[in-house]
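Below, each chain spelled out in residue letters.
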Amino acid sequence: MTNHIIMTQADEIYHGIDVSSYQGNIDFNSVKDSGIKAVYIKAGEGGTITDPFFERNYEKATGAGLIVGFYYYVTALNPNEARVQANDFYELIRGKSFTARPAMDYENFNGLEREDINEIGMAFLKELENLSGITPMIYTDASVAETIWTDAFSKYPLWLADYSNRDEFPQGITVWDTWTGYQYSDTGSVPGITGNVDMNQFKEGILLEQRDENIPEEKPTATEYIIKPGDTLTSISKKFNVGIDAIIRLNGIQNPNRIYAGEVLKIPHSHPAADESILYTVAAGDTLWEIARRYRTNVPAIAKLNGIADPNMLYIGQVLRIPN
């Protein structure tokens, strides 16, 4: 494994890989015996998709004694979707034992403008940081690091993908002055893995022992609340200053408009409300225009809040957020 970027003697480097279902079954003991020290495991993507090998990879990599971190592939088209996906990532890794900071993999921008991309990326990172108490890492390639991300992202450690065999940190990157992770190949070969695998080098900055001073001590992550007559998810979220999405995901609620008095909800801690919206379930014959008129708002506002590309496409049972 060749080091393509010059390091100072003070840098302690952990040779690593990142994996997903693409690698299939992995013999992590053989991986470790080959000299690999750290592995980043794909947890999921898109707010609803869990990587099929996530749990298996986590259990086997942990059992082999490797440094373990997780990454999440972001597909959000607006900040609200980004927050939902950050919640999904947090729920996937919450309660697991890991030793490296979580990472955002946001690389497919679907033709969005730079300003939109930055808003989406920041929404995801801030939401994940609020939920976990950990400063996440951002995975990005050299070209995007040079042209897309603004100085607001400098607080988040950089996991740089660059296969150009540079001898120094790319001069065109001004937001960061160094990397914490460096992916230098996507065609690596490692014992215990069939086929290609991404090769990385990581500095000590990935380790959770390097946490920021303001990270809180571990404490219970949820409060139990008994639903009272007349309660709605909107009123409960405002009562506890907690995002509706977080309550829905933590409790596995299928229909946010159907909760019952006497049921017990888990209310997550330290999660500010993601929005001030009302939940509405689309019924037969509904149109966005009629819904907007009913709630004294407008179609563009509803479409933007819900990431709706075609305002004419609704389906019965769809849950919409209606801005106040």
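Residues numbered from 1 in each chain as written. Predicted model: local features only at pLDDT ≥ 70, side-chain atom pairs only at ≥ 80, totals over all residues. Heavy atoms only, no water.

S.K.: Go over the packing of aromatic side chains, please, and point to the residues and values.
M.R.: Enumeration over the complete set of coordinates arrives at 17 aromatic pairs. Between Tyr139 and Trp159 the ring centres are 5.0 Å apart and the planes differ by 75 degrees, which places this aromatic pair in the edge-to-face class. Of this pair, Tyr139 sits in strand S6 (residues 137-141) while Trp159 sits in strand S7 (residues 158-161), and the two are 20 residues apart along the sequence. With relative accessibility at 1%, the residue Trp159 sits in the buried group. Above the ring of Tyr58, the side-chain terminus of Lys96 is found at 5.4 Å from the ring centroid. Between Lys203 and the ring centre of Trp179, over which it is positioned, the NZ or CZ distance is 4.5 Å. (Phe/Tyr/Trp six-rings, centres within 6.5 Å; stacked < 30°, edge-to-face > 60°. Helix = DSSP H or I, 4+ residues; strand = E, 2+ residues; numbered from the N terminus. Buried < 20%, exposed > 50% of the residue type's maximum accessible area, 1.4 Å probe, protein only. Lys NZ or Arg CZ within 6 Å of the ring centre and 35° of its normal.)

S.K.: Can you explain the pairing of strand S4 (residues 67-73)? Please cite residues and give values.
M.R.: The element S4 is largely enclosed, with a buried count of seven among its seven residues. Where S4 meets strand S5 (residues 103-105), three bridges bridge the pair, whose relative direction is parallel. In the strand pairing of S5, Tyr73 is matched with Asp105. Note on the crossover from S4 through helix H3 (residues 79-93) to S5: the handedness is right-handed. (Pairing = 2+ DSSP bridges. Right-handed = clockwise from strand over helix to strand, strands pointing away.)

S.K.: Give me the lowdown on the layout of surface pockets, citing residues and values where you can.
M.R.: Reported here for the second largest pocket is a volume of approximately 650 Å³. Along its surface, the second largest pocket is lined by 26 residues, and Val84, Asp245, Arg249, Val319 and Arg321 are the ones closest to its centre. When residues of the lining of the second largest pocket are traced back to their parent elements, those giving at least two are H3, helix H7 (244-251), helix H9 (299-306) and strand S13 (319-323). When residues of the lining of the second largest pocket are assigned to their parent elements, the largest contribution, four residues, is made by H3. When grouped by side-chain class, the residues that make up the lining of the second largest pocket number eleven nonpolar, eleven polar and four charged. (1 Å grid on protein atoms, 1.4 Å probe; cavity = no way out; pocket = protein on both sides within 12 Å on 5 of 7 lines; lining within 4 Å. Points joined across faces, edges and corners; volume = space filled by probe spheres on them. Nonpolar A, V, L, I, M, F, W, Y, C, P; charged D, E, K, R; others polar.)

S.K.: Account for the pattern of salt bridges, naming residues and giving values.
M.R.: Tallying each qualifying case throughout the model produces four salt bridges. The closest approach of N and O atoms between Lys42 and Glu45, which form a salt bridge, is 2.6 Å. Looking at Glu45, the relative accessible area reads 21%, which means it is partly exposed. Note that Lys96 is salt-bridged to Glu55, the shortest N-O span being 3.1 Å. Taken together, the positions of Lys96 in the loop between H3 and S5 and Glu55 in helix H2 (residues 54-63) put the pair 41 residues apart, joining distant regions of the chain. In this structure Lys96 comes out as buried when scored by relative accessible area, which is 19%. (Salt bridge = Lys/Arg side-chain N within 4 Å of Asp/Glu carboxyl O.)

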